[in-house]
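Notes for the structure review
One letter stands for each residue in the lines below.
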Amino acid sequence: MTEPIHIVGAGMAGSEAAWQAAQAGVPVVLHEMRPHVGTFAHRTGDCAEMVCSNSFRSDDDVNNAVGLLHWEMRAAGGLLMAAADRHRLPAGGALAVDRHAFSAHVTATLRAHPLVSIVSGEITALPDSGNWIFATGPLTSDALAQAIRAVTGTESLAFFDAIAPIVHAETIDMSIAWRQSRYDKGETEAERTAYINCPMTRAEYDAFIDALLAADKTEFREGEESSVPNPTPYFDGCLPIEVMAERGRETLRHGPMKPVGLTNAHKPDQKPYAVVQLRRDNALGTLYNIVGFQTKMKYGAQTQVFRMIPGLQDAGFARLGGIHRNSFLNSPTLLDGRMRLRSRPHVRFAGQVTGVEGYVESAAMGLLAGRMAAAQALGRDLAPPPGTTAMGALVHHITGGAEAKTFQPMNVNFGLFPPVEARGGRRGRKDRYPAYTERAKQDFSAWLAAQ
């Protein structure tokens, strides 16, 4: 019998890796420390629990690199994309899901697979032999993190990540707020009205910024403050709103609070100075998360400041925001092109711990690791997809394409792709992005067919 693949961590990457390996006919043991050993961000012991946003971001597979990654994962029979499509919520052009139904679906599907065994308990060391994938994510336990450092001989890099608050829908004042997706995006009425919008006048915005800047913030542990030499940085794709506000009073108004593409249904002749958007967080529509409002404010300050937002003056919070320290490997120096630890090639890493950022990116690296580990178990070698594809561009970035000295977490983007050959002169963005995605789909389909 084929020896099983051991996968540590049942988050996005680990769950997808387990599914891909099992679908290839290789038995899998999926180790998950939760709920026996908890983390700051998780609430359950389920697989693929979404701890921050409930959105997989853009689903546009023609003009957007994230949407292209969705397409590639669907083409490869990805479990997480199937679960996301099954439990999709209206979100304009984004792919948002009911987080609890999504996680329950992934958990039930893996438990039902005859080749998958889910084992509870913490793994605290790197093994000396076998076929292993470590997909423990940015909240890797202290014991395992110490073991990884001991083996790699280097300190893991780290950055701060934040989560946004969730509001009970019934506590939102709809006589002030209105439903509309930006630029009325979406093919159905549900999609075009997927977001709840809270308008602000200039005076309300200025007062909000003042309160935001003055609010009590989370105190970091020694060595984590921004004042120390070589401080732990924030990830730019998930900045706390206070940090954005500190960069300039208008920063939020040109970021998550931009008023463009929206018309106040209650006062169509008055253009809001700023708008706070909320996106549905569950299928019932009883919970909404505040889009882009990751925060490091203390809990008491959050309720006071967020209730200054018109329409949220009586808001009830199902979850408040928070901040935590994420760890990741210096993958360009530690991993080879098959995502294996150079010093222990029977160990692979996958997911956010490798230095990709985002649910979809993490799951995609799990998909590749699962397929590569399964190929190894079956006596074959599987090369990564071409660098012209979204998955190929990501894995190339983390395993050698990035500069090791300045390596930081990265979302998928067209800047990671080889340039598209221009015909008849320089391509504009309108033509260039579809050219990237068309080429990627052809090359990814060929990669799949070769297997």
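These numbers come from a predicted model, not from an experiment.

Turning our attention to the packing of aromatic side chains. Inspection of every chain in the model, using the stated rule, returns 14 aromatic pairs. For the ring pair F56 and F102, a centre distance of 5.5 Å and an interplane angle of 65° mean the geometry is edge-to-face. Taken together, the positions of F56 in strand β3 (residues 55-58) and F102 in helix α4 (residues 99-112) put the pair 46 residues apart, joining distant regions of the chain. For the pair F56 and F102, one class covers both residues: buried. Ring centres of F208 and F293 lie 6.1 Å apart, and the angle between their planes is 35°; this geometry places the pair in the tilted category.

Time to look at the environment of R280. Note that R280 resides in strand β12 (residues 274-280). Sequence separation of R280 and W178 is 102 residues, and the distance between their C-alpha atoms is 13 Å.

Applying the stated criterion across every chain, the model contains 14 salt bridges. K441 is the partner of D61 in a salt bridge, and the nearest nitrogen-oxygen pair spans 3.3 Å. Of the two residues, D61 sits in the loop between β3 and α2 (65-75) while K441 sits in helix α13 (residues 429-450), which places them 380 residues apart along the sequence. Linking R249 and D206 is a salt bridge whose minimum nitrogen-to-oxygen distance equals 3.6 Å. Here the residue R249 occupies a position in the loop between α8 (241-246) and β12, and D206 occupies one in helix α7 (residues 202-214), the gap between them amounting to 43 residues. Overlapping salt bridges bring together D59, R74, D85 and R88 as one network.

Our focus in this paragraph is unusual backbone geometry. Even without being glycine, A48 reaches a positive phi, approximately 55°. With respect to the secondary-structure elements, A48 resides in the loop between β2 (28-32) and β3. Its relative accessible area of 0% is what places A48 among the buried residues.

The 6 strands are arranged β10-β11-β12-β13-β9-β14 in an open sheet whose pairing can be described as antiparallel. The strands lining the two open edges of the sheet, one partner per strand, are β10 (178-179) and β14 (317-319). When β10 meets strand β11 (residues 195-200), the two strands line up antiparallel, connected through 2 bridges. Its bridge partner lying in β11, W178 is registered against N197.

Okay, the UniProt feature "binding site: FAD" (unreviewed entry) in the chain next. Look at the UniProt record and you will see "binding site: FAD" (unreviewed entry) annotated at G9, A10, G11, M12, A13 and G14. Along the chain, the position of A10 falls in the loop between β1 (5-8) and α1 (12-23). For A10, a relative accessible area of 0% translates into the label buried. Residue contacts for A10: discarding those within four places in its chain leaves S15, L30, H31, E32, R34, D46, C47 and A48. Tracing the backbone shows G14 in helix α1.

Conventions we followed
Residues numbered from 1 in each chain as written. Predicted model: local features only at pLDDT ≥ 70, side-chain atom pairs only at ≥ 80, totals over all residues. Heavy atoms only, no water. Phe/Tyr/Trp six-rings, centres within 6.5 Å; stacked < 30°, edge-to-face > 60°. Helix = DSSP H or I, 4+ residues; strand = E, 2+ residues; numbered from the N terminus. Buried < 20%, exposed > 50% of the residue type's maximum accessible area, 1.4 Å probe, protein only. Salt bridge = Lys/Arg side-chain N within 4 Å of Asp/Glu carboxyl O. Pairing = 2+ DSSP bridges. UniProt positions renumbered as here; feature names shortened; annotations may be inferred. Contact = heavy atoms within 4.5 Å.

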